[in-house]
Amino acid sequence: MIVSVFDTHHFDRAALEKENTHFHHQLHFFTARLEQKTAKLAAGSEAICAFVNDVLDRPTLTALQKEGIRLIALRCAGYNQVDLVAAHDLNLTVVRVPEYSPYAVAEHAVALLLALNRKLHRAYSRVRESNFSLEGLVGFDLHGKTVGIVGTGKIGAIFAKIMAGFGCRLLAYDAFPRSDLPVMYVNREKLLAESDVISLHVPLLPETYHFLKAETMAQLKRGALIVNTSRGALIEARALLDALKSGHVGGAALDVYEEEAGIFFHDLSGKVLQDDVLARLISMPNVLITSHQAFLTHEALANIASTTLETISAFERGAVPENVLVKV
Ligand code: NAI
């Protein structure tokens, strides 16, 4: 099948090309993000392959359908960027990669938490400048602390098991509690009030949008650390900024940011950052930001590529792909 791949980077192109030796699709790679005005690049393809920050709203989907697209293959788990109702109306099948390496994301969340708490980002820069002072680098033992896990699906569950190994007390909040995890399920209020660390692992949905906003952040224990490796809009960024400035929130480690599209994944080092909230967050010593890289392991990339290409082959054969979000 001819597939237009949007928002391509070296790492995903390499993984897709390697796996495609087994599938023999015709892959056309574009570095441009998918949006209404770039949809025409897909002309001549039957499928497009999109990533987390591509825009798949009704106008873009309509433009893709006009170019002859029948299949939207997301090479990610989250699908908050797609108007599924519009896709259905336009007879577009939508598939995703529901699981590629929950370990990659959970381990990155732990890495961020450890680095933020023990101030490794600051220590690393200091030592490179031959500044061997320890002033301001005091962290806390995770052992015995309370960690609140919001969402105990595939990623949250692995995060919980890792944190159990640190000897933490684990509180969890999820619409569907599980019985196989070393956590105590509590309501949102108790989780917010008692956690020294909060890690977010729910998908972005209307019900989870701004899960942490001024009102809910006020309910946090003073000095709590926040880790977000899920989706940026789970946190109201401006409210986080205020809570960090007042000292109510002790620190934030973010792999995602609500306005990350057009910024994350790009080298903007020669430009003036236009997002003042992000610029202010980056300037804070108790904020650690990575650019949506939690998924970025060799294992995850290989799984993303093979599942995506396998799903496209299934669609081509007329089978109902396993990972379907909208079936036509
Ligand atoms: P999952 O679907 O296995 O787990 C999500 C959990 O959230 C489920 O247990 C579900 O019951 C719970 N949940 C859903 N809505 C809820 C609500 N309104 N209230 C309470 N709980 C609710 O998803 P998985 O694989 O664990 O991924 C979680 C999120 O991580 C994804 O949706 C995605 O946004 C993000 N992600 C981030 C990546 C990165 O590179 N930073 C990579 C992959 C995923």
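Note that the structure is a prediction, hence the values are computed from the model and not measured.

How each quantity is defined
Residues numbered from 1 in each chain as written. Predicted model: local features only at pLDDT ≥ 70, side-chain atom pairs only at ≥ 80, totals over all residues. Heavy atoms only, no water. Helix = DSSP H or I, 4+ residues; strand = E, 2+ residues; numbered from the N terminus. Rg over C-alpha atoms; globule rule 2.2 N^0.38 Å. Buried < 20%, exposed > 50% of the residue type's maximum accessible area, 1.4 Å probe, protein only. Contact = heavy atoms within 4.5 Å. Areas by Shrake-Rupley, 256 points an atom, 1.4 Å probe, with all protein chains shown as cover. Lys, Arg positive; Asp, Glu negative; His and termini not counted. Charge placed at Lys NZ, Arg CZ, Asp CG, Glu CD. Pairing = 2+ DSSP bridges. Axes fitted to C-alpha atoms, helices over the stretch in contact; angles between N-to-C directions. Near = heavy atom within 4 Å. Polar contact = N/O pair within 3.5 Å; in protein donor to acceptor, adjacent residues only side chain to side chain. Nonpolar A, V, L, I, M, F, W, Y, C, P; charged D, E, K, R; others polar. Right-handed = clockwise from strand over helix to strand, strands pointing away. Salt bridge = Lys/Arg side-chain N within 4 Å of Asp/Glu carboxyl O. Domains from an automatic or database assignment. Buried area = accessible area lost by both parts, 1.4 Å probe.

1. Overview of the overall build of the chain
Part 1: Summing up its helical and strand segments, the chain has eleven helices and 13 strands in all.
Part 2: Relative to a compact globule of 328 residues, whose C-alpha radius of gyration would be 20 Å, the chain shows 21 Å and is just as compact.
Part 3: Burial status across the chain gives 51% buried among its 328 residues.
Part 4: Long-range pairs, those at least 24 residues apart, make up 65% of the contacts in the chain with a sequence separation of at least 6.
Part 5: Of the accessible surface of the chain, which amounts to about 15,400 Å², a share of 53% is contributed by carbon and sulfur atoms.
Part 6: Within the chain, one finds 32 positive and 36 negative side-chain charges whose respective centroids are separated by 4 Å.

2. With respect to the sheet that holds strand E7 (residues 169–173)
Part 1: Pairing is parallel across the open sheet formed by seven strands, whose spatial order is E8-E7-E6-E9-E10-E11-E12. Edge strands, defined here as strands with exactly one partner in the open sheet, are strand E8 (184–185) and strand E12 (287–289).
Part 2: Sheet topology places strand E10 (residues 224–228) next to strand E11 (residues 249–254); five bridges connect them, and they run parallel. When the sheet's bridge partners are listed, Asn228 is paired in E11 with Leu254.
Part 3: Packing of helix H6 (residues 154–165) onto the sheet brings it into contact with strand E6 (146–150), E7 and strand E9 (197–200), and relative to E6 it is tilted by some 170°.

3. Brief notes about the site of the ligand
Part 1: Around the ligand sit 23 residues, and of these Tyr100, Lys154, Ile155, Asp174 and Thr229 come closest.
Part 2: In this structure, a nitrogen atom belonging to the ligand sits 2.9 Å away from a main-chain N or O atom of Thr229.
Part 3: Contact between the ligand and Phe295: an oxygen atom at 3.2 Å from a main-chain N or O atom of the residue.
Part 4: Protein contacts shield 85% of the accessible area of the ligand, which totals 870 Å² for the unbound molecule.
Part 5: Split by residue class, the shell around the ligand holds eleven nonpolar, seven polar and five charged.

4. Comments concerning the sheet that holds strand E13 (residues 324–326)
Part 1: Read from one edge of the open sheet, six strands run E2-E1-E3-E4-E5-E13, paired in mixed fashion. Either end of the sheet is taken by a strand with one partner, and the two such strands are strand E2 (26–29) and E13. Looking at each pair of strands side by side, their axes are set apart by 25° on average, direction ignored.
Part 2: Pairing of strand E3 (residues 47–50) with strand E4 (residues 71–74) involves four bridges; the strand directions are parallel.

5. So, the environment of Lys213
Part 1: Along the polypeptide, Lys213 turns up in the loop between E9 and helix H8 (214–217).
Part 2: With 61 residues separating them in the primary sequence, Lys213 and Thr152 have C-alpha atoms 21 Å apart.
Part 3: Once residues within four sequence positions are removed from consideration, Lys213 is found in contact with Glu236 and Ala239.

6. Some points on the pairing of E2
Part 1: Residues Leu27 and Phe29 point to one face of E2 and are all buried, whereas Gln26 and His28, pointing to the other face, are not buried.
Part 2: Between strand E1 (residues 2–5) and its parallel partner E2, the chain crosses via helix H1 (residues 10–20), and the hand of that crossover is right-handed.

7. A short note on the pattern of salt bridges
Part 1: According to the stated counting rule, one finds ten salt bridges in the structure shown.
Part 2: Its salt-bridge partner being Glu189, residue Arg188 comes within 3.9 Å of it at the nearest N-O pair.
Part 3: On the basis of relative accessible area, Arg188 is assigned to the partly exposed category, the value being 25%.
Part 4: With relative accessibility at 40%, the residue Glu189 sits in the partly exposed group.

8. Observations regarding the domain arrangement of the chain
Reports often express the size of an interface as the amount of accessible area lost when the parts come together.
Part 1: In terms of domains, the chain is made up of domain 1 (2–100 + 297–326) and domain 2 (102–289).
Part 2: Using only C-alpha atoms to locate each centre, domain 1 and domain 2 end up separated by 30 Å.
Part 3: The partner domain 2 presents nine residues to the 13 residues of domain 1 that form the contact.
Part 4: Regarding the contact of domain 1 and domain 2, the summed buried area is about 1,000 Å², with carbon and sulfur atoms giving 60% of it.
Part 5: For domain 1, the biggest contributors to the area lost against domain 2 are Asn53, Asn80 and Glu99; these three give 41% of the whole.
Part 6: Linking domain 1 with domain 2 are zero salt bridges, by the criterion used here.
Part 7: Remark: the boundary between domain 1 and domain 2 carries two residue pairs in polar contact (both at pLDDT 80 or more).
Part 8: Per-class residue counts for the side of domain 1 that touches domain 2 are five nonpolar, five polar and three charged.

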